[in-house]
Amino acid sequence: MTQFIKSRKSIFILILIILSLILVTSLILKPKNIEQISAKLHVESGIVKLNDNIIQSTAEIKQSDIIETESDGFAVVILYDSIIISLDPKTKITTDEIIKNHPKINQEEGNTWNTFTNILGVEQYSIKTSDSIASVRGTSFGITKDKILVGEGIVDYTKNQQVFFVNNLEVVEATNRIPIKRNASKIELEIIKKNMERAAKEAELIENNIARNEIISKTQQALDNLNQAILNYDKSQQIEKFNETINNQENNLNKTKEPSHNQPTNTAENNTPEEPTP
């Protein structure tokens, strides 16, 4: 009896050893799966399509998906709780690659505002149009076919094979296919502000608390800097108008002091009295 119990115990131990070996081997030899995609589309308003299908609220996004907004459509794409892509009406994008370390988006038409923070493993983000590409490591910017506006950070921007490093509140715009970098105008500053405020609201959709708080905090700080820039812009415009007014007044004053060319010249000939008529 004792020998039988020992035999059963040995078999049980042997079975455990075999199962353990199988488990360890399966873990070692198990092929590495592609990292689970974390990309979502959220409809804000209007008609928004995913691969030609109208989406009512939220949908999961896969690689090579096509997202379109109609003339009344507003939508936002969130990648890995790190990237917010705000889509304006009449915009079309394709998720070329949504690998976590470097997602890549193709913007075929329309306008997007992009907000990116690299705190959850996303190292870089790129978005391209027909003849331009913007690549960033943590910033916020808007891009169309012919223009990029940077709200915060620095963007590596290539347009018509020319490379620009675009800083916050700077613009690169192509006129007659010639891209030129300059400071943002007052209207463009207001556009940047509007898009940043929208992105801050959309950040509430991010599930990860750390990423959500980081994006909201950075966006609010950038908005504070932007408001100060708008205030400084208004002051500079007021000073410019004041100086222009002073210059105009001085010019008008100088003109009134100049002798009129139409007045008769006071010469000796004119002062000679006429002889009386006989």
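Residues numbered from 1 in each chain as written. Predicted model: local features only at pLDDT ≥ 70, side-chain atom pairs only at ≥ 80, totals over all residues. Heavy atoms only, no water.

Caption draft 1: Representation of the sheet that holds strand β3 (residues 53-55). Strand order in the open sheet formed by 9 strands is β3-β2-β5-β8-β9-β11-β12-β15-β16, with mixed pairing between adjacent strands. The open sheet has two edge strands, β3 and β16 (162-166), and neither has a second partner. Between one strand axis and the next, the sheet turns through 25° on average, direction left out of account. The sheet contact formed by strand β15 (residues 155-159) and β16 spans 5 bridges and is antiparallel. In the sheet register, V155 faces β16, and the bridge partner there is V166. (Pairing = 2+ DSSP bridges. Helix = DSSP H or I, 4+ residues; strand = E, 2+ residues; numbered from the N terminus. Axes fitted to C-alpha atoms, helices over the stretch in contact; angles between N-to-C directions.)

Caption draft 2: Local environment of unusual backbone geometry. With phi around 55°, K90 is a residue other than glycine that occupies positive phi space. Along the chain, K90 turns up in the loop between β7 (83-87) and β8 (92-97). Under the relative-accessibility criterion, K90 is labelled exposed at 57%. Notably, N160 is not glycine yet its phi reads approximately 50°, a positive angle. In this structure, N160 sits in the loop between β15 and β16. (Buried < 20%, exposed > 50% of the residue type's maximum accessible area, 1.4 Å probe, protein only.)

Caption draft 3: Focus on empty space enclosed by the protein. If you walk through the whole model with that rule in mind, you get 1 cavity of 30 Å³ or more. Volume-wise, the largest cavity comes out at about 110 Å³. If you go around the largest cavity, you meet 14 residues; those closest to its centre are T115, S140, E152, K218 and T219. Where the lining of the largest cavity is concerned, the elements lending two or more residues are β10 (112-116), β13 (139-143), α2 (186-202) and α3 (209-257). Sort the elements by how many residues they give to the lining of the largest cavity and α3 lands first, with 4 residues. (1 Å grid on protein atoms, 1.4 Å probe; cavity = no way out; pocket = protein on both sides within 12 Å on 5 of 7 lines; lining within 4 Å. Points joined across faces, edges and corners; volume = space filled by probe spheres on them.)

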